[in-house]
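Secondary and tertiary structure notes
Single-letter residue listing:
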Amino acid sequence: MNKINCIIVDDEPPAVELLSKYASMIDHLEVVGTCHSAIKAFDMLKIKKVDLMFLDIQMPVLNGIDFIKTLASPPSIILTTAYREYALDSYDLDIIDYLLKPIAFDRYLKAIDRFRDRINNPSMAYEPNEMNLDKKVDHVFFNINRTHHKVLFEDILYVESLKDYVRLHLAKGNLVVKGNLGSIMKQLPNEMFVRIHRSFAISLKNVESYNQIEVDIKGIKLPIGVSYREDFAIRIKTNL
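Keep in mind the model is a prediction, meaning the values are calculated, not measured. (Residues numbered from 1 in each chain as written. Predicted model: local features only at pLDDT ≥ 70, side-chain atom pairs only at ≥ 80, totals over all residues. Heavy atoms only, no water.)

Our focus in this paragraph is the pattern of salt bridges. Considering all chains together, one arrives at 11 salt bridges under this definition. One salt bridge connects Glu208 with Lys218, and the closest N-O pair in it is separated by 4.0 Å. Residue Glu208 is located in strand β13 (residues 207-210), and its partner Lys218 is located in the loop between β14 (214-217) and β15 (220-223); the two are separated by 10 residues in the primary sequence. Between Asp216 and Lys221 there is a salt bridge; the shortest N-O distance is 3.4 Å. (Salt bridge = Lys/Arg side-chain N within 4 Å of Asp/Glu carboxyl O. Helix = DSSP H or I, 4+ residues; strand = E, 2+ residues; numbered from the N terminus.)

Attention shifts here to the nonpolar core. One finds Val9, Met53, Leu55, Phe67 and Leu79 to be the most contacted residues of the largest nonpolar core, which totals 22 residues. For this core, the secondary structure elements donating two or more residues are β1 (4-9), α2 (38-47), β3 (52-56), α3 (64-70), β4 (76-81) and β5 (97-100). Of all the elements, α2 adds the most residues to this core, at 4 residues. The next biggest cluster of nonpolar side chains, apart from the first, holds 19 residues, and it includes Ile4, Val16, Leu99 and Ile112. (Core = buried A, V, L, I, M, F, W, Y, C linked by side-chain atoms within 4.5 Å. Buried < 20%, exposed > 50% of the residue type's maximum accessible area, 1.4 Å probe, protein only.)

A few words now on the packing of aromatic side chains. What characterises a pair of aromatic rings is the spacing of the ring centres plus the angle enclosed by the ring planes. In the structure shown here, the tally under the stated rule is 6 aromatic pairs. Considering the side-chain rings of Tyr210 and Phe232, the 5.4 Å spacing of their centres and the 85 degrees angle between planes classify their relative orientation as edge-to-face. Here the residue Tyr210 occupies a position in strand β13, and Phe232 occupies one in helix α7 (residues 229-238), the gap between them amounting to 22 residues. Following the ring pairs from residue to residue traces out a cluster consisting of Tyr22, Phe54, Phe105 and Tyr108. A cation over an aromatic ring shows up here: Lys178 above the ring of Tyr165, its NZ or CZ 5.0 Å from the ring centre. (Phe/Tyr/Trp six-rings, centres within 6.5 Å; stacked < 30°, edge-to-face > 60°. Lys NZ or Arg CZ within 6 Å of the ring centre and 35° of its normal.)

On to the sheet that holds β5. Reading across from one edge, β2-β1-β3-β4-β5 is the order of the 5 strands in this open sheet, with parallel pairing throughout. Pairing within the sheet leaves two strands with one partner each, and these edge strands are β2 (29-35) and β5. Averaged over all pairs of adjacent strands, the angle between their axes in this sheet comes to 20 degrees, without regard to strand direction. By the bridge criterion, 4 bridges tie β4 to β5 in an arrangement that is parallel. Within β5, the position partnered with Leu79 by the bridge is Tyr98. Here helix α5 (residues 105-120) sits on the sheet in contact with β1, β2, β3, β4 and β5, set at roughly 170 degrees to β5. (Pairing = 2+ DSSP bridges. Axes fitted to C-alpha atoms, helices over the stretch in contact; angles between N-to-C directions. Contact = heavy atoms within 4.5 Å.)

Here strand β8 (residues 156-162) lies mainly inside the structure; 5 of its 7 residues are buried. One ladder, built from 6 bridges, connects β8 with strand β9 (residues 165-170); its direction is antiparallel. Across the sheet, the residue bridging to Ile156 is Leu170, located in β9. Connecting β8 to the antiparallel partner β9 that follows it, the hairpin turn spans 2 residues, and Lys163 within it adopts a positive phi of roughly 60 degrees. With 3 bridges connecting them, β8 and strand β12 (residues 200-203) associate as antiparallel partners. Across the sheet, Glu160 pairs through a bridge with Phe200, a residue of β12.

Bringing the environment of Lys48 into the picture now. You can see Lys48 is positioned in the loop between α2 and β3. Separated by 16 residues in sequence, Lys48 and Val32 have C-alpha atoms that sit 7.8 Å apart. A polar contact of 3.3 Å, which involves the side chain of Lys48, links it to the backbone oxygen of Val32. (Polar contact = N/O pair within 3.5 Å; in protein donor to acceptor, adjacent residues only side chain to side chain.)

Counting through the fold element by element, Val166 comes out in strand β9. When neighbours within four sequence positions are excluded, Val166 is seen to be in contact with Val159, Glu160, Leu175, Val176, Val177, Gly179, Asn180, Leu181 and Ile184.

The structure is reproduced here in structure tokens:
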């Protein structure tokens, strides 16, 4: 198969990093550019040959759906988002697939297979109910001493960095996992969790009170780092 040139358009750096990593694991798929806004993607499409675009929907200034409508000859598109309600809106736009975050690698592979099928059969189209609209992933498995432990996202109160390990503070008990806070955050849904300090990330739904310098999670007060205050202020207001 000929090389597939793709670009990734997402305003969340961890999402771009994850999709780039997935692409690097697939033969013939090459990321020729990444953008953090639809405006930059618009310019990139003018100068690069793009076969496939991974496009986030919720982005500042111009969202993914409206961006597609501005393109006279768009490449094939796989939408990526945390919100399933946009699926029907995207149906008339001839989307290859619709991936719900957090995106698992096996689901990503399925989307690539659909793209390849479309190349071989240009008339092929998918109904919204054929896309990834089943129950959203609500958990993650952590490997501890070669045993995989299932943790529900809703059970995580906050996450604490311990140098080479991370402690998950759960509704019932704790779990210590090897890794760093950045790597753990990539496994958690962005819409549910936010980093507030170099050593802490929290579940937004479990915030009981907060001020400029700290948050209260179920009676536990955690500091908000200076460099994280602006992002936290935005996230807590948009999740109320």
